[in-house]
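A look at the structure
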Number of protein chains: 8
Amino acid sequence: MSEQERTKQVGDFARLDLDRVRRRGYPEAIYCESKTLEQISAIAAAVKDSAQTTLFTRLLDGHAEAALKVLPGAFHDPGARFLAWPPEAPEPSGVDILVVCAGTSDLPVAREAMHTARYLGRSVDLLADVGVAGIHRLLAHEQRLKAAGVVVVVAGMDGALPSVVGGLVSAPVVAVPTSVGYGAGSGGVAPLLTMLNSCAPGVGVVNIDNGYGAGHLAAQIAAR
Amino acid sequence: MSEQERTKQVGDFARLDLDRVRRRGYPEAIYCESKTLEQISAIAAAVKDSAQTTLFTRLLDGHAEAALKVLPGAFHDPGARFLAWPPEAPEPSGVDILVVCAGTSDLPVAREAMHTARYLGRSVDLLADVGVAGIHRLLAHEQRLKAAGVVVVVAGMDGALPSVVGGLVSAPVVAVPTSVGYGAGSGGVAPLLTMLNSCAPGVGVVNIDNGYGAGHLAAQIAAR
Amino acid sequence: MSEQERTKQVGDFARLDLDRVRRRGYPEAIYCESKTLEQISAIAAAVKDSAQTTLFTRLLDGHAEAALKVLPGAFHDPGARFLAWPPEAPEPSGVDILVVCAGTSDLPVAREAMHTARYLGRSVDLLADVGVAGIHRLLAHEQRLKAAGVVVVVAGMDGALPSVVGGLVSAPVVAVPTSVGYGAGSGGVAPLLTMLNSCAPGVGVVNIDNGYGAGHLAAQIAAR
Amino acid sequence: MSEQERTKQVGDFARLDLDRVRRRGYPEAIYCESKTLEQISAIAAAVKDSAQTTLFTRLLDGHAEAALKVLPGAFHDPGARFLAWPPEAPEPSGVDILVVCAGTSDLPVAREAMHTARYLGRSVDLLADVGVAGIHRLLAHEQRLKAAGVVVVVAGMDGALPSVVGGLVSAPVVAVPTSVGYGAGSGGVAPLLTMLNSCAPGVGVVNIDNGYGAGHLAAQIAAR
Amino acid sequence: MSEQERTKQVGDFARLDLDRVRRRGYPEAIYCESKTLEQISAIAAAVKDSAQTTLFTRLLDGHAEAALKVLPGAFHDPGARFLAWPPEAPEPSGVDILVVCAGTSDLPVAREAMHTARYLGRSVDLLADVGVAGIHRLLAHEQRLKAAGVVVVVAGMDGALPSVVGGLVSAPVVAVPTSVGYGAGSGGVAPLLTMLNSCAPGVGVVNIDNGYGAGHLAAQIAAR
Amino acid sequence: MSEQERTKQVGDFARLDLDRVRRRGYPEAIYCESKTLEQISAIAAAVKDSAQTTLFTRLLDGHAEAALKVLPGAFHDPGARFLAWPPEAPEPSGVDILVVCAGTSDLPVAREAMHTARYLGRSVDLLADVGVAGIHRLLAHEQRLKAAGVVVVVAGMDGALPSVVGGLVSAPVVAVPTSVGYGAGSGGVAPLLTMLNSCAPGVGVVNIDNGYGAGHLAAQIAAR
Amino acid sequence: MSEQERTKQVGDFARLDLDRVRRRGYPEAIYCESKTLEQISAIAAAVKDSAQTTLFTRLLDGHAEAALKVLPGAFHDPGARFLAWPPEAPEPSGVDILVVCAGTSDLPVAREAMHTARYLGRSVDLLADVGVAGIHRLLAHEQRLKAAGVVVVVAGMDGALPSVVGGLVSAPVVAVPTSVGYGAGSGGVAPLLTMLNSCAPGVGVVNIDNGYGAGHLAAQIAAR
Amino acid sequence: MSEQERTKQVGDFARLDLDRVRRRGYPEAIYCESKTLEQISAIAAAVKDSAQTTLFTRLLDGHAEAALKVLPGAFHDPGARFLAWPPEAPEPSGVDILVVCAGTSDLPVAREAMHTARYLGRSVDLLADVGVAGIHRLLAHEQRLKAAGVVVVVAGMDGALPSVVGGLVSAPVVAVPTSVGYGAGSGGVAPLLTMLNSCAPGVGVVNIDNGYGAGHLAAQIAAR
């Protein structure tokens with residue numbers, strides 16, 4: 001396959017990796033954070049007629065509007081800064097994914113993970129506000145945790161939730177630190193270090209606030 | 001089940017979590033690094049007659065000798081600072097795991113990951129010294145990489161290997177930074193940050209030199 | 001009171017703060033880590049005939065021997081690197097203190113906290129190896145936790161235990177991160193940050209491995 | 001007690017821990033920093049008719065207005081970014097708390113600590129602008145410091161005040177570093193490290209700018 | 001040569017190093033980031049009639065307008081925050097430079113490097129969006145990489161591209177980390193450390209986002 | 001002297017240290033950065049009729065206006081964020097101070113140092129834009145450097161200037177790192193570390209951007 | 001070319017990159033720091049009969065002896081922890097390299113850079129102990145600096161030398177921070193940051209103590 | 001003056017800066033930490049017959065013996081790792097220096113500062129073990145502190161002493177953080193940051209454990 005078939009040139013600034021679905025089984029995502037509105041529009045136009053799902057992640061102000069003008073009806077969750085095209089998620093396959101988050105503040109990242117996994121073809125459920133400071137709130141859901149094929153755990157501040165969840169289940173845990181919190185270890189450093197040092201093994205960590213990465217990894221693990 | 005049935009008290013210093021196999025499906029490992037020789041001996045004696053596999057990780061000088069005196073014939077890899085009892089690994093099940101390491105210096109951690117996954121019941125293969133500075137050495141093994149159900153990538157220094165491998169395969173990647181290297185970012189900080197920032201999604205990271213954690217997570221992912 | 005009455009000059013290197021018991025209610029401790037054997041001996045001789053309790057903390061190799069030669073029969077716990085003179089702890093007063101530690105490796109620091117509080121006149125109990133990766137091991141002791149007047153929680157690695165304990169009890173929690181663990185956040189940085197970011201309020205943190213400071217603070221809180 | 005009795009679901013984003021007063025003796029606080037105005041309004045409505053005190057901490061622009069619309073007459077200190085409902089603090093019990101702050105700039109955090117402890121049922125007094133660069137200003141209040149049952153010390157920049165106060169009193173000291181200062185160690189890192197390394201024992205540290213946590217811990221210590 | 005001949009005083013705030021072309025062979029650049037609009041105007045006026053090229057780098061809002069008013073027709077690339085006067089680049093000499101960048105987001109820094117080298121008298125080409133997550137996109141350009149006399153590699157996130165490029169070519173590689181990315185290692189720290197730890201030797205690193213420095217160094221290397 | 005004579009209470013937020021001139025010989029400065037406009041006005045009113053010089057440092061937007069309304073004619077340098085009252089500096093005494101700065105961008109901090117020393121009663125001169133990248137620009141002023149009684153050196157980026165100046169003069173050097181620069185070591189960390197590691201002894205360092213502290217220390221050193 | 005022709009398998013731990021000379025023009029080096037004595041011996045045997053130069057870098061205790069037993073007469077500099085086989089360096093080509101070091105303590109790293117460049121076929125000279133604290137010592141060699149085709153500057157502590165040298169010459173500068181120094185910024189962090197922030201452009205930085213990398217890069221730049 | 005007159009070549013590794021006394025008024029010191037025994041011996045021989053004082057600082061094991069063999073009778077303080085030749089200090093001139101240290105553990109660094117200033121020609125006194133945790137111990141010496149022309153303050157752990165001393169005296173304060181302490185901020189980072197953030201102005205900071213630098217700076221300040 002030639003390079004021309006494998007990549008699609010957009011303007012002079014991007015080379016879409018069309019080959020990625022064939023090679024990896026999952027489509028490319030457009031990381032929007034450092035792109036201009038013009039670049040977003042051009043990329044949206046380039047993918048408009050593709051049958052393949054395209055994810056736009058970490059949208060900044062104006063990005064969603066620019067994309068929606070080209071892709072009307074696209075799925076858009078402003079809190080999660082996430083947009084998907086075409087709007088219909090694929091039929092789910094593989095085992096079930098459960099996304100768990102510690103506090104209300106962690107919800108946007110948790111939803112980015114959830115949407116990502118759904119648009120990559122998995123079935124995903126969400127359990128919110130079950131932090132370890134009220135451990136009985138979490139334990140009340142022990143059966144639901146044990147039933148999942150993959151558990152994505154999203155937490156800021158002390159980041160202690162994956163250690164507790166990891167100790168309860170046999171499924172792999174994908175841990176996502178969030179930048180929720182302040183003071184020493186803020187910006188997500190504290191929960192990142194906590195998760196890397198989880199005393200329960202079986203925890204794979206992604207970068208701070210990287211809900212997309214967590215959802216993608218969970219989708220790959222849950223594939224059968 | 002009472003606490004007495006779920007845990008086994010060893011001396012006044014440890015409470016073995018016997019319930020873990022039932023709860024999580026995987027046995028507990030004994031983290032040796034901060035234990036005395038007497039504690040290792042006592043724990044070895046406590047697990048000697050158990051049918052359940054026990055892993056001893058991060059053995060220090062003298063630890064292996066203390067354990068082997070109580071558990072003669074145990075499997076022992078000095079480089080990987082790893083010991084397993086009983087010496088026979090379980091019959092493998094699940095999909096295949098491939099452990100890939102960038103350089104010769106990363107081998108001890110890679111072998112700790114490999115042994116861990118094997119003793120947790122998986123089939124594991126190892127591909128060594130295929131760092132990105134000679135990218136064709138890696139690409140020569142592209143089919144083998146694509147065939148694996150889970151890929152564990154072990155790398156120090158620049159830690160660039162998981163980004164390249166992650167871009168080639170559809171299976172999930174477990175990335176293990178090692179403390180190989182010196183200067184700025186030494187002690188594994190540079191490859192850890194590289195792996196958390198992998199431009200290929202689908203990479204779950206464990207702590208620096210944590211071959212045990214990587215092997216455990218890979219075993220859980222590879223279970224079917 | 002003149003300076004001569006308030007301090008005792010030892011050689012040309014130390015000025016013991018004799019006034020401290022009157023002023024604060026607690027005796028001074030001798031921090032041994034950067035003292036020579038000769039300095040330890042001279043200080044031991046200076047306090048030998050005092051009725052007041054003297055604690056020697058963070059003893060290095062040879063320190064205990066030097067002190068015991070001058071103070072035969074002194075209480076000595078080598079693991080905790082702790083020595084007290086005179087060997088009899090005061091009659092306990094105040095409410096009860098419970099020291100809880102996450103893993104076997106945290107025991108030396110936990111014991112330093114326990115001894116300190118005992119020699120400052122409190123009643124102290126110890127609960128070991130109840131980390132959050134096996135949360136039911138901890139919950140089995142919920143009543144004992146709730147009964148304590150102060151809980152000292154000692155943990156390394158992810159340092160998640162104080163968040164969970166703090167969420168269960170009404171008593172204040174003194175949290176001590178330990179340098180147990182490796183890789184990113186090692187040397188106690190990870191549990192320190194976790195504890196400072198505890199999602200359960202009511203947690204006061206002391207420095208890494210500072211069992212002495214934790215025991216002292218707990219003794220002050222438990223005084224009535 | 002069932003989960004339904006123990007928690008109150010608010011929208012799909014929060015699970016109020018109603019059980020906390022029974023379990024810990026203190027009500028939950030609403031951490032506002034990462035919540036939307038809608039979430040604040042919904043939570044305010046959910047607690048409006050409760051007899052239990054609810055604290056709203058770290059209010060952002062608009063948060064107070066949203067809450068006051070639902071909870072007219074609530075106690076509100078804009079500088080401390082703090083709001084309490086119902087506006088009457090409970091009758092104080094326990095020993096007295098003294099909040100001391102080093103400079104004018106530390107006052108907002110000091111007042112957050114003071115309000116928190118008052119609304120948790122304690123008697124609290126405040127002593128402002130007594131930094132160590134004019135040590136006689138502090139020593140002029142030595143008797144007042146010695147009379148307190150708990151001393152909360154709030155300081156930015158060099159964070160030296162808790163070491164000096166801790167050396168003067170027999171009561172426990174809760175130390176709060178503030179983000180006052182600039183350059184190396186700014187954002188509160190310098191006073192945090194100073195306080196963790198206090199040469200006077202008996203100092204428990206909370207996270208940077210965490211007046212709420214300090215007030216909560218002080219209230220627990222001062223309870224009798 | 002007297003100091004008066006070697007430097008040109010501008011207002012009371014700057015001393016232009018006129019001697020630099022004679023001494024080093026390359027003209028001085030005006031680092032604009034911390035200069036006022038008035039200072040930019042005064043410097044523009046001072047260099048207006050010089051035959052020597054002057055580069056203005058890291059322009060802030062308003063800077064370009066201030067300079068263009070004095071130097072109409074100057075070359076200006078807003079994305080690269082770069083302006084050159086006079087607008088014509090010198091005739092190129094030396095070997096060819098290839099600037100390679102990993103992602104669209106790295107383009108502004110890559111273009112700053114390209115412009116700098118061109119205005120210092122070199123021939124420069126640009127290859128964009130060839131990150132290592134799609135390694136075949138890069139390898140398709142292997143001959144072009146091997147043909148360059150110097151390769152400037154610009155990358156954010158994992159910063160893995162210089163290791164791979166360095167392993168393919170015999171020319172020296174100038175590596176520029178960019179502040180593209182988020183979470184742990186953000187602000188360019190992760191790619192900086194990766195590049196300093198490149199497993200392929202022959203990589204010289206400049207500071208984060210320092211396209212000017214990279215272009216300058218490449219121009220010096222490419223001079224013959 | 002009673003506390004009432006030594007301090008002046010302003011509102012309930014500040015305690016001016018009137019005793020400081022008697023005790024230290026230098027008046028107190030008002031650090032404005034975290035004060036409200038109302039606090040600035042109240043303090044200005046409190047010092048209006050004092051014969052003693054008062055310095056207002058690190059003024060934020062609006063601060064100067066608030067102070068000037070109460071103290072019309074006060075000396076004000078907006079770039080240096082500095083205001084002094086009364087506007088006349090004392091008659092200079094002691095040896096001469098020379099303030100040297102590396103680049104134009106370091107001027108605001110250099111001027112804060114200069115003003116501070118002048119209002120504390122010293123004679124001060126300024127030498128600007130003599131960075132080490134054009135070492136002959138600096139050496140042209142060698143006699144002027146050698147003639148000063150104290151040299152204050154202000155530099156950002158590499159912070160190399162104090163090492164070179166320190167090696168040329170017999171007078172003490174006060175080094176001030178500035179937050180000029182970007183990328184790794186930005187915010188002044190790089191020049192701070194450089195200055196602390198100066199290979200020329202005789203360099204005392206103050207915090208990043210702390211022109212006030214440098215000017216104060218220089219004034220004390222230059223006093224005779 | 002097949003993988004078998006391109007790489008040489010040594011034991012089960014290494015894959016020598018024989019293709020590297022063809023691909024890059026420079027032979028592979030053996031990084032010894034984390035290799036066992038047995039691995040060193042096996043690699044030495046594998047390269048013994050090769051016409052190609054092999055460099056062994058960062059030798060630990062015993063490594064040199066193990067290699068010399070297999071490769072008698074090999075060039076060995078114990079201070080630089082460097083060994084080359086065959087002992088004769090190639091005939092030099094390209095422009096001249098000058099290695100400059102700030103202090104005596106930087107000599108081992110400087111010599112590693114010098115040897116590396118020589119064994120890669122360049123002509124190299126060394127200028128030692130010309131740190132910036134005695135700037136005239138450096139300026140006495142200004143002509144020698146200006147005559148070099150590439151300058152490698154090696155410095156610890158403040159790392160200021162490359163800024164000064166870079167400002168004097170038109171040739172590219174390769175800067176090597178060393179771990180010489182103590183306290184804040186020790187381990188080479190201070191000179192690394194200084195060099196990355198050099199106010200003279202044209203400085204490419206390699207990792208701390210990486211004399212090998214500097215020599216390699218200089219050799220590539222000096223090739224013609 | 002020619003370079004030959006200004007420097008003295010020792011072996012091929014050092015260039016003694018003989019011109020320094022003329023240029024700066026103070027002799028060079030030999031920083032021993034990274035020198036071999038042979039280098040120390042050669043330097044000792046080179047300075048043996050000089051009338052000028054030579055200081056050897058930070059001696060490692062064996063260094064003192066090597067120097068004393070060449071320079072019998074030299075002044076040697078093993079704890080301070082300091083040696084001076086010739087053994088007689090110059091007649092003191094200038095104002096008096098007082099070195100104050102917080103704890104016994106800070107004495108070696110304090111003595112290095114004291115010896116340095118004495119051998120550079122000043123009169124120095126020492127006040128030990130007056131840390132801020134017993135503030136009255138310090139205040140008992142208030143007159144002695146006020147009488148000094150320069151105060152050197154040496155402290156580890158919280159590093160709070162310079163803030164308090166700086167607030168009491170009109171003389172300049174040279175602050176030296178020591179690496180005494182453990183846990184967060186260990187290695188001297190905590191006291192360094194405290195000192196840089198001193199709320200009392202007039203504090204110049206040197207690097208951690210840099211008693212030599214502090215003594216040198218104090219000697220320069222005290223010169224008249």
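Residues numbered from 1 in each chain as written. Chains lettered and ligands numbered in written order. Predicted model: local features only at pLDDT ≥ 70, side-chain atom pairs only at ≥ 80, totals over all residues. Heavy atoms only, no water.

You'll find chain A entered in an unreviewed UniProt entry as NCAIR mutase (PurE)-related protein, with Corynebacterium guangdongense given as the organism.

Concerning the interface of chain A and chain B
Rule in force here: Two residues qualify as a contact provided that any one of their heavy atoms is within 4.5 Å of a heavy atom in the partner residue. Buried surface area refers to the total accessible area, computed with a probe of radius 1.4 Å, that the two partners give up upon joining, counted for both partners together. In what follows, salt bridge is the name for a side-chain nitrogen of Lys or Arg lying within 4 Å of a carboxyl oxygen of Asp or Glu. Polar contact is the term for a pair of N or O atoms within 3.5 Å; when the atoms are in protein, one must be able to donate a hydrogen and the other to accept it, and sequence-neighboring residues count only if both atoms are side-chain atoms. In this text, helices come from DSSP runs of H or I with a minimum length of four residues, and strands from runs of E with a minimum of two, each type numbered from the N-terminal end.
On the side of chain B, 32 residues touch chain A, which itself brings 32 residues to the contact. Taking both partners together, chain A and chain B bury about 2,400 Å²; carbon and sulfur atoms supply 52% of that area. Where chain A meets chain B, there are 0 salt bridges. Across the contact surface, chain A and chain B share 9 residue pairs in polar contact (both at pLDDT 80 or more). Those elements giving two or more residues to the side of chain A that touches chain B turn out to be α2 (20–24), α9 (189–196), β11 (203–205) and α10 (211–222) of chain A. Here the element with the most residues in the side of chain A that touches chain B is α10 of chain A; it accounts for 5 residues.

Brief notes about the packing of helix α5 (residues 107–119) of chain F against helix α10 (residues 211–222) of chain F
When two helices pack together, their arrangement is given by the angle between the helix axes and the distance between those axes. All names here are of chain F. Rules: All axes are obtained by fitting lines to C-alpha atoms, using only the stretch in contact for helices, and the reported angles, taken between N-to-C directions, cover 0 to 180 degrees. For classification purposes, an angle smaller than 35 degrees is called roughly parallel, one larger than 145 roughly antiparallel, one from 65 to 115 roughly perpendicular, and anything else oblique. In this scheme the handedness of a crossing depends on how the near helix is turned from the far one: anticlockwise by less than a right angle means left-handed, clockwise means right-handed. Lys, Arg, Asp and Glu make up the charged group, whereas Ala, Val, Leu, Ile, Met, Phe, Trp, Tyr, Cys and Pro make up the nonpolar group; the residues left over, Gly among them, are polar.
Running from amino to carboxyl end, α5 crosses α10 at an angle of 40°, the nearest separation of the two axes being 7 Å. With respect to each other, α5 and α10 are oriented oblique. Like other packed secondary-structure pairs, α5 and α10 cross with a definite hand, here right-handed. Counted together, Val109, Glu112, Ala113, Thr116 and Ala117 of α5 and Gly211, Tyr212, Ala214, Gly215, His216 and Ala219 of α10 form the full contact between these two elements. In terms of residue class, the contact of α5 with α10 is made up of 6 nonpolar, 4 polar and 1 charged.

Let's talk about the arrangement of the chains
Nothing in chain C touches chain E; the tightest C-alpha to C-alpha distance between them is still 11 Å. At their nearest point, the C-alpha atoms of chain A and chain F are still 17 Å apart, with no contact between the two.

Observations concerning the interface of chain G and chain H
Often the size quoted for an interface is simply the accessible area lost on bringing the parts together. With 18 residues of chain G at the interface, the matching set in chain H holds 20 residues. Summing the contributions of chain G and of chain H, the shared interface buries around 1,500 Å²; its carbon and sulfur component is 52%. The largest share of the area that chain G buries against chain H comes from Thr104, Arg137 and Tyr182 of chain G, three residues that together contribute 41% of it. Across the chain G-chain H interface, the total number found is 0 salt bridges. Applying the counting criterion to the chain G and chain H interface returns 4 residue pairs in polar contact (both at pLDDT 80 or more).

Re the environment of Asp77 of chain D
Residues and elements named next belong to chain D. Within the secondary structure layout, Asp77 lies in strand β5 (residues 75–77). A distance of 3.1 Å separates a polar atom in the side chain of Asp77 from the backbone nitrogen of Gly79. Within the structure, Asp77 has its side chain in polar contact with the side chain of His115 (distance 2.8 Å).

Quick word on the confidence of the model for chain A
To be explicit about the condition: For every residue, the pLDDT score states the predictor's confidence, bounded by 0 at the bottom and 100 at the top.
For chain A, mean pLDDT is 93; residues scoring 70 or higher make up 97% of the total. With a pTM of 0.95, the predicted complex shows an ipTM of 0.94.

Points about the sheet that holds strand β6 (residues 82–85) of chain A
All names here are of chain A. Applied cut-off: Note on pairing: two strands pair once DSSP finds at least 2 bridges between them.
What the 4 strands build is an open sheet, ordered β3-β4-β6-β5; its pairing is mixed. Pairing within the sheet leaves two strands with one partner each, and these edge strands are β3 (29–31) and β5 (75–77). Mean inter-strand twist for the sheet, computed between neighbouring axes without regard to direction, equals 15°. Both β5 and β6 contribute to a ladder of 3 bridges, which runs antiparallel. Bridging from a neighbouring strand, Phe75 pairs with Ala84 of β6. This element, helix α3 (residues 37–47), spans β3, β4 (54–57) and β6 of the sheet and lies at about 165° to β4.

Quick look at the UniProt feature "domain: PurE" (unreviewed entry) in chain A
Put simply, the test is: UniProt positions are given in the numbering used here, feature names are shortened, and annotations may be inferred rather than shown by experiment.
In the UniProt entry, the feature "domain: PurE" (unreviewed entry) is given for residues 95–224 of chain A. Taken end to end, residues 95–224 of chain A comprises 38% helix and 18% strand; its first and last C-alpha atoms sit 7 Å apart.

Focus: the packing of aromatic side chains
Inclusion rule: Side-chain rings of Phe, Tyr and Trp (the six-membered ring for Trp) are treated as a pair once their centres are within 6.5 Å; stacked means planes under 30 degrees apart, edge-to-face means over 60, and tilted covers the remaining angles. Burial status follows relative accessibility: with a 1.4 Å probe on protein chains alone, a residue under 20% of its type maximum counts as buried, one over 50% as exposed, and anything between as partly exposed.
Taken as a whole and judged by the stated rule, the model has 32 aromatic pairs over all chains. Between Phe75 of chain B and Phe82 of chain B the ring centres are 6.3 Å apart and the planes differ by 70°, which places this aromatic pair in the edge-to-face class. Judged by relative accessible area, which is 27%, Phe75 of chain B ranks as partly exposed. Owing to a relative accessible area of 0%, Phe82 of chain B belongs among the buried residues under this scheme. Relative to Tyr119 of chain D, the ring of Phe82 of chain D has its centre 6.1 Å away and its plane inclined at 45°; by these criteria the two rings are tilted.

Comments concerning the relation of the copies chain A and chain B
Our working definition: Least squares is the method used to superpose the copies, on C-alpha atoms of residues holding a pLDDT of at least 70 in both.
Laying chain A over chain B is done by rotating through 180° and shifting 0.0 Å along the axis; what remains is an RMSD of 0.0 Å. What the superposition gives is, in effect, a two-fold axis relating one chain to the other.

Let's talk about the relation of the copies chain G and chain H
Once chain G has been moved 0.0 Å along the axis and rotated by 90°, it coincides with chain H to within an RMSD of 0.0 Å. Each copy turns onto its partner about a four-fold axis. Identified as the residue of chain G closest to the rotation axis by C-alpha distance is Gly187 of chain G, at 8.8 Å.

Some words on the pairing of strand β4 (residues 54–57) of chain C
Residue and element names in this part refer to chain C. Inclusion rule: For the handedness criterion, the strands are oriented away from the viewer, and a crossover whose path from the first strand over the helix to the second runs clockwise is classed as right-handed.
Side-chain alternation along β4 places Thr54 and Phe56 on one buried face and Leu55 and Thr57 on a second face that is also buried. As paired strands, strand β3 (residues 29–31) and β4 are joined by 3 bridges and run parallel to one another. In the sheet register, Tyr31 faces β4, and the bridge partner there is Thr57. Read as a crossover between parallel neighbours, the route from β3 over helix α3 (residues 37–47) to β4 is right-handed.

Some remarks on the pattern of salt bridges
Under the criterion given, the structure shown has 40 salt bridges over all chains. Arg58 of chain C is the partner of Glu33 of chain C in a salt bridge, and the nearest nitrogen-oxygen pair spans 3.2 Å. Here Glu33 of chain C is found in the loop between β3 and α3, whereas its partner Arg58 of chain C is found in the loop between β4 and α4 (63–70), with 25 residues between them in sequence. When its relative accessible area of 10% is taken as the criterion, Arg58 of chain C is described as buried. Here Glu33 of chain F ties to Arg81 of chain F by a salt bridge, and the two come within 2.7 Å at their closest N and O atoms. Placement of the pair is Glu33 of chain F in the loop between β3 (29–31) and α3 (37–47) and Arg81 of chain F in the loop between β5 (75–77) and β6 (82–85), with a sequence separation of 48 residues.

Points about the domain arrangement of chain A
All names here are of chain A. Applied cut-off: Boundaries between domains were set according to an automatic or database domain assignment.
Per the domain assignment, the segments of chain A are domain 1 (3–85) and domain 2 (97–223). When each unit is reduced to the centre of its C-alpha atoms, the spacing between domain 1 and domain 2 is 26 Å. With 15 residues of domain 1 at the interface, the matching set in domain 2 holds 14 residues. Taking the shortest distance from any N to any O, the salt bridge between Arg111 and Asp77 comes out at 2.8 Å. Our count for the domain 1 to domain 2 interface comes out at 4 residue pairs in polar contact (both at pLDDT 80 or more).

So, the sheet that holds β6 of chain F
Residue and element names in this part refer to chain F. Spatially, β3-β4-β6-β5 is the arrangement adopted by the 4 strands of the open sheet, whose pairing is mixed. In this open sheet, the two strands that pair with only one neighbour each are β3 and β5. On average, each strand axis in the sheet is tilted by 15° relative to the strand beside it, whichever way the strands run. Direction of pairing for strand β4 (residues 54–57) relative to β6: antiparallel, over a ladder of 4 bridges. The residue bridging Thr54 from the neighbouring strand is Trp85, located in β6.

Re α10 of chain A
Residue and element names in this part refer to chain A. The condition is simple: To estimate the expected span of a helix, subtract one from its residue number and multiply by 1.5 Å.
The end-to-end C-alpha distance of α10, which contains 12 residues, comes to 16 Å, matching closely the 16 Å that a straight helix rising 1.5 Å per residue would cover. Extensive coverage of α10 is indicated by the burial of 12 of its 12 residues. Regarding α10, the residues found buried are Gly211, Tyr212, Gly213, Ala214, Gly215, His216, Leu217, Ala218, Ala219, Gln220, Ile221 and Ala222.

Some details on the environment of Leu60 of chain D
Mapping Leu60 of chain D onto the fold places it in the loop between β4 (54–57) and α4 (63–70). Among residues more than four places away in sequence, those in contact with Leu60 of chain D are Glu33 and Arg81 of chain D.

Some details on α4 of chain C
Three or four residues apart is the spacing at which side chains of an α-helix point the same way, because the helix has 3.6 residues per turn. All names here are of chain C. This is how the line gets drawn: Think of the arc as the fan of directions from the helix axis to the C-beta atoms.
Among the residues making up α4, those that are buried are His63, Ala64, Ala66 and Ala67. Down the axis, α4 shows its buried residues gathered within 160° of arc, on one side only. Contacts made by the buried residues of α4 are with α3, β5 (75–77) and β6 (82–85).

A word on the packing of helix α9 (residues 189–196) of chain F against helix α9 (residues 189–196) of chain G
Packing of α9 of chain F against α9 of chain G brings their axes to within 8 Å, and their N-to-C directions diverge by 130°. The angle between α9 of chain F and α9 of chain G places the two elements in the oblique class. Judged by the sense of rotation from one axis to the other, the crossing of α9 of chain F with α9 of chain G is left-handed. Judged by residue contacts, Val189, Ala190, Leu193 and Thr194 of chain F of α9 of chain F engage Val189, Ala190, Leu193 and Thr194 of chain G from α9 of chain G. Taken together, the residues of the contact of α9 of chain F with α9 of chain G break down into 6 nonpolar, 2 polar and no charged.

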